[in-house]
Amino acid sequence: MKITKGNINRIVPLWCLGIIMVLSFIACNNPKEHTAPAIYARDSVAMMTSYGVNTLISDEGIMKYRIVTERWEVNENLNPKRWIFRRGVFLEQFDEKFHVEAFIQADTGFYFTEKNLWHLIGNVRVRTLDGVRYSSEELYWDQDKQELYSYKYSRLITPEREMEGSYFRSDEKLRHYFITNSKGAFMKNDMFKEDTTSNKASSDTSAVAPPKRGMTMPRKKTHPQPLP
């Protein structure tokens, strides 16, 4: 074929079109997925997050306690499953007749739903209607065993005495308690004097010795008084 100025103009577009078709075919056979990395790992993402919570929690139709918190995360992806309270938590505990028995608060809280276990961290405070006050930086509350325990420095104040120690265990009503490595006990009626060299058991149901495993605590009904 004789190439002239006229048929050159026809050949060039056909050549360009052929290159485009080849490049398109290669691109289709080698697709590239454009994805961004995940912001969070799947098991760290809460299934539900609520703000400004003030709710009642019941078990088998019986009100157990009230939860007041700024932020409540429910995470079923973590093992064990848990509720997370990163911005503080305040609890009111009720008896069978819906009377308030105790108040509990902490800077951070974790509730393990399958174990029925609370783990409270930071400025933990407990107060009962009997005027018993407890403070520590960490506290566990096993609701199945109805026990409170801590492996951190703990301070317990009752109307009669004050105790401090590095290990604490008690029933959830703070009626029967154990403290080891106690720093002292003070009695208002001077029945007991300060003792920083040895541990002594009080005349109530407390003792300064670790409990036996599997020990059960008796429960007693009381009538609540609000915190001042």
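Here the structure is shown first, and the text comes after it.
Reference entry: report on the structure contained in this document. (Residues numbered from 1 in each chain as written. Predicted model: local features only at pLDDT ≥ 70, side-chain atom pairs only at ≥ 80, totals over all residues. Heavy atoms only, no water.)

## Regarding the packing of aromatic side chains
What describes a pair of aromatic rings is the distance from one ring centre to the other and the angle between the planes of the rings.
And then number 1: Taken as a whole and assessed by the stated rule, the structure comprises 13 aromatic pairs.
And then number 2: Taking the centre distance of 4.9 Å and the plane angle of 40° together, the rings of Tyr111 and Trp118 count as tilted. Pair check on accessibility: Tyr111 and Trp118 agree, each one buried.
And then number 3: Ring pairing ties together the aromatic residues Tyr65, Trp72, Trp83, Phe85, Tyr111, Trp118 and Trp141, which thus form one cluster.
And then number 4: One Lys or Arg, Arg169, reaches over the ring of Tyr149 and ends 4.8 Å from the middle of that ring. (Phe/Tyr/Trp six-rings, centres within 6.5 Å; stacked < 30°, edge-to-face > 60°. Buried < 20%, exposed > 50% of the residue type's maximum accessible area, 1.4 Å probe, protein only. Lys NZ or Arg CZ within 6 Å of the ring centre and 35° of its normal.)

## Comments concerning the pairing of strand S12 (residues 167-171)
And then number 1: Across the five residues that make up S12, a large majority, five, are buried.
And then number 2: Across the two faces of S12 the burial is the same, with Tyr167, Arg169 and Asp171 and Phe168 and Ser170 all buried.
And then number 3: As judged from the four bridges shared by strand S9 (residues 147-150) and S12, these two strands associate in the antiparallel manner. Opposite Tyr149, over in S12, you have Arg169 as the bridge partner.
And then number 4: Judged from the four bridges that link them, S12 and strand S13 (residues 177-180) form a sheet pairing that is antiparallel. Its bridge partner being in S13, Tyr167 is matched across the sheet by Thr180.
And then number 5: Between the end of S12 and the start of S13, which pair antiparallel, lie five residues, with Leu174 showing a positive phi angle near 60°. (Helix = DSSP H or I, 4+ residues; strand = E, 2+ residues; numbered from the N terminus. Pairing = 2+ DSSP bridges.)

## Topic: unusual backbone geometry
And then number 1: Cis peptide bonds are those with omega within 30 degrees of zero, and the linkage from Asn79 to Pro80 qualifies with 5°.
And then number 2: Within the fold, Pro80 resides in the loop between strand S2 (62-75) and strand S3 (82-85).

## Remarks on the nonpolar core
And then number 1: Ranked by size, the top nonpolar core spans 28 residues in total, and within it Tyr65, Ile67, Trp83, Trp118 and Phe168 carry the most contacts.
And then number 2: The set of elements that each furnish at least two residues to this core consists of strand S1 (48-59), S2, S3, strand S4 (89-94), strand S5 (100-106), strand S7 (117-128), strand S8 (133-142) and S13.
And then number 3: Each residue touching Trp118, except ones within four places of it in the same chain, is listed here: Tyr65, Ile67, Phe85, Leu91, Phe110, Tyr111, Leu139, Tyr140, Trp141 and Gln143.
And then number 4: Phe110, Phe112, Leu117 and Tyr149 belong to the second-largest nonpolar core, a separate cluster that totals six residues. (Core = buried A, V, L, I, M, F, W, Y, C linked by side-chain atoms within 4.5 Å. Contact = heavy atoms within 4.5 Å.)

## Points about the pattern of salt bridges
And then number 1: Enumeration over the complete set of coordinates arrives at twelve salt bridges.
And then number 2: One salt bridge in this structure joins Lys173 and Glu101, with 3.4 Å as the shortest N-O distance. On the criterion of sequence distance, the pair formed by Lys173 in the loop between S12 and S13 and Glu101 in strand S5 is long-range, its members being 72 residues apart.
And then number 3: For Glu101, a relative accessible area of 4% puts it in the buried group.
And then number 4: Asp130 is the salt-bridge partner of Arg175, the closest N and O atoms lying 2.6 Å from each other. Remark: Asp130 occurs in the loop between S7 and S8 and Arg175 occurs in the loop between S12 and S13; sequence separation between them is 45 residues.
And then number 5: Classification of Asp130 by relative accessible area gives partly exposed; the value is 33%.
And then number 6: Residues joined by salt bridges that share partners form a network here, namely Arg71, Glu73 and Arg86. (Salt bridge = Lys/Arg side-chain N within 4 Å of Asp/Glu carboxyl O.)

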